[in-house]
Amino acid sequence: MSAYAHQMEQQYSAHGLSDDSDTGSHYELESGFYMKSFTATIFVASLVTLGVLLITLVISLVIMLQSCQSKTTGVIELLNINDYYSYCRVYSLHAEINNLEGYNLPKICRDLDVHYIKGGQYARELDLTMSVVDDYFKSVRPSEDGLDVVLMDIDDIFPRNSYSSNSFLRFYNGSTSNCIEEAKNVKLMFVSRLYMYLQTGGWSIILLSREPGTRRNVTINHLDSAGLRSWSALMMRAEDSDPTKGYEYFSMQRNVIRKKGFRIKCIISSHMDAITIPETGVRNFLLPNTLCDKFEK
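Residues numbered from 1 in each chain as written. Predicted model: local features only at pLDDT ≥ 70, side-chain atom pairs only at ≥ 80, totals over all residues. Heavy atoms only, no water.

Some details on the overall build of the protein chain
The test is simple: By the criteria applied, helices consist of DSSP H or I runs no shorter than four residues and strands consist of E runs no shorter than two, each listed in order from the N terminus. Accessible area is worked out with a 1.4 Å probe on protein chains only. A residue is then buried under 20% of its type maximum, exposed over 50%, and partly exposed in between. Contact between two residues is taken to exist if any of their heavy atoms lie within 4.5 Å; hydrogens are not considered. Exposure was quantified through the Shrake-Rupley algorithm and a 1.4 Å probe, taking into account, for residues, occlusion by the shown protein chains and nothing else.
A tally of helices and strands in the protein chain yields 9 helices and 5 strands. Secondary structure elements of the protein chain occur, N-terminal to C-terminal, as α-α-α-α-β-α-α-β-α-β-α-β-β-α. Per-residue burial over the protein chain gives 33% buried out of 297 residues. If you take every contact in the protein chain between residues at least 6 apart in sequence, the share linking residues at least 24 apart comes to 75%. Of the roughly 18,400 Å² of accessible surface on the protein chain, 60% is carried by carbon and sulfur atoms.

Looking at the sheet that holds strand β5 (residues 283-286)
For clarity, the cut-off: The pairing criterion is simple: DSSP has to find at least two bridges between the two strands. Throughout, an axis means a line fitted to C-alpha atoms (over the contacting stretch in the case of helices), and angles, computed between N-to-C directions, take values from 0 to 180 degrees.
Taken together, 5 strands build an open sheet; the order of strands is β3-β2-β1-β4-β5 and the sheet is parallel. Both outer strands of the open sheet, β3 (233-237) and β5, are each paired with one neighbouring strand and no more. Across the sheet, the mean angle separating the axes of adjacent strands is 20° when strand polarity is ignored. Examined bridge by bridge, strand β2 (residues 204-212) and β3 share 4 bridges and lie parallel to one another. Bridge assignment links Pro212 to a residue of β3, and that residue is Arg237. Packing of helix α4 (residues 121-137) onto the sheet brings it into contact with β1 (148-153), β4 (263-269) and β5, and relative to β5 it is tilted by some 165°.

Comments concerning a nonpolar patch on the surface
Note the threshold: Here a patch means residues that are over 30% exposed by relative accessible area and free of salt bridges, tied together within 9 Å if like-charged and within 5 Å if nonpolar (Val, Leu, Ile, Met, Phe, Trp, Tyr). Salt-bridge detection follows one rule: a side-chain nitrogen of Lys or Arg within 4 Å of a carboxyl oxygen of Asp or Glu.
On the surface, a cluster of nonpolar side chains totalling about 460 Å² of accessible area is made up of Phe43, Val44, Leu47, Val48 and Val52. Inspection of the secondary structure assignment puts Val52 in helix α2 (residues 37-97).

Re the UniProt feature "transmembrane region" (unreviewed entry) in the protein chain
Heads up, the condition is: UniProt positions are given in the numbering used here, feature names are shortened, and annotations may be inferred rather than shown by experiment.
Under the present numbering, the feature "transmembrane region" (unreviewed entry) in UniProt falls on residues 42-65. Measuring from the first to the last C-alpha atom of residues 42-65 gives 35 Å, for a span that is 100% helix and 0% strand.

Considering unusual backbone geometry
Unlike most non-glycine residues, Ser230 shows phi in positive territory, near 60°. Checked against the element boundaries, Ser230 lands in the loop between α7 (216-225) and β3. Residue classification places Ser230 among the exposed residues on the basis of a relative accessible area of 66%.

Examining helix α8 (residues 246-259)
Convention followed: Every helix has an expected span of 1.5 Å times one less than the residues it contains. Directions drawn from the helix axis to the C-beta atoms are what define this arc.
Along its 14 residues, α8 runs 20 Å from first to last C-alpha, staying within 8% of the 20 Å computed at 1.5 Å per residue. If you check which residues of α8 are buried, you get Gly246, Tyr249, Phe250, Gln253, Arg254 and Ile257. Angular distribution of buried residues about the axis of α8 spans 130°; they occupy a single face of the element. Opposite its buried face, α8 presents the exposed residues Glu248 and Lys259, each directed more than 90 degrees away. The inward-facing, buried residues of α8 contact β1, β2, β3 and β4. In the stretch just after α8, Gly261 is the one whose phi turns positive, near 95°.

A short note on the packing of aromatic side chains
Inclusion rule: In summary, the pairing rule links any two rings of Phe, Tyr or Trp, Trp by its six-membered ring, whose centres are within 6.5 Å, and it sorts them by plane angle into stacked for under 30 degrees, edge-to-face for over 60 and tilted for everything else.
Within this structure, the stated rule accounts for 5 aromatic pairs. An angle of 75° between the planes, with centres 5.3 Å apart, marks the rings of Phe137 and Trp203 as edge-to-face. Here the residue Phe137 occupies a position in helix α4, and Trp203 occupies one in the loop between α6 (174-200) and β2, the gap between them amounting to 66 residues. The pair Phe137 / Trp203 is uniform in exposure class, with both members buried. Taking 5.0 Å as the distance between ring centres and 70° as the angle between the ring planes, the aromatic pair formed by Tyr249 and Phe250 counts as edge-to-face. Look at Tyr249 and you get buried, because its relative accessible area is 7%. Aromatic rings pair up to connect Tyr136, Phe137, Trp203 and Phe285 into one cluster.

Spelled out as structure tokens, the structure:
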């Protein structure tokens, strides 16, 4: 018995050691964590959504920055244009007073003249002037004797002579001159509308021009083609007079008109020489003009 028991004890001990070895191998732990498939899907979808939101935010910020930069640049450019335009206006005014010709203007002024026309600013200023004229003539009426007259300067709306055309070409190149011709057409439409408005109101209209009397028939043909008819008189410069002395010319013409018994109530012109002499009871209107028109002499 003792020998058998001893043998069984040895077998049991060996079996126990084997069991311990097997058990240790069976219960070995692994690192990591376990997640169900549904939870994993939600997690991945959240990451994708967060990524899309971040990309959208970045794109929005980039667009906002570009928009702000563009607006700032536009304001700066607009300020620069306005500054240059004011400079050219002052320059052209002094040039006109001193009878300088257009090709003496800085090149930036010639470029701005195109911008002034193509951008529609010239047409808008003409419309605003029409509003000012309309406000005035709403409050006044011509006398029944027909002696109250409006003087209208018709230069700058019709082609000039060959000498003027050469000066014009020296001031502008071919492509730009087309733009200026467009401005002349706009002004002609405005003057025609203003002319019809005054005639409808019963006003007598006397037309003034710096062109010599030798071009009278040509000027009348231009007036007829533009629909400017039934005027009271057409006064033109004498052939031997100095075309650069506009102040003296218009002063003399006003005196001639008064000696004939007419009462001047209004003078409309695009040039300072026609309206700079103040007179009691006379309303002056200065029409907006392009720079080239001021110097096409």
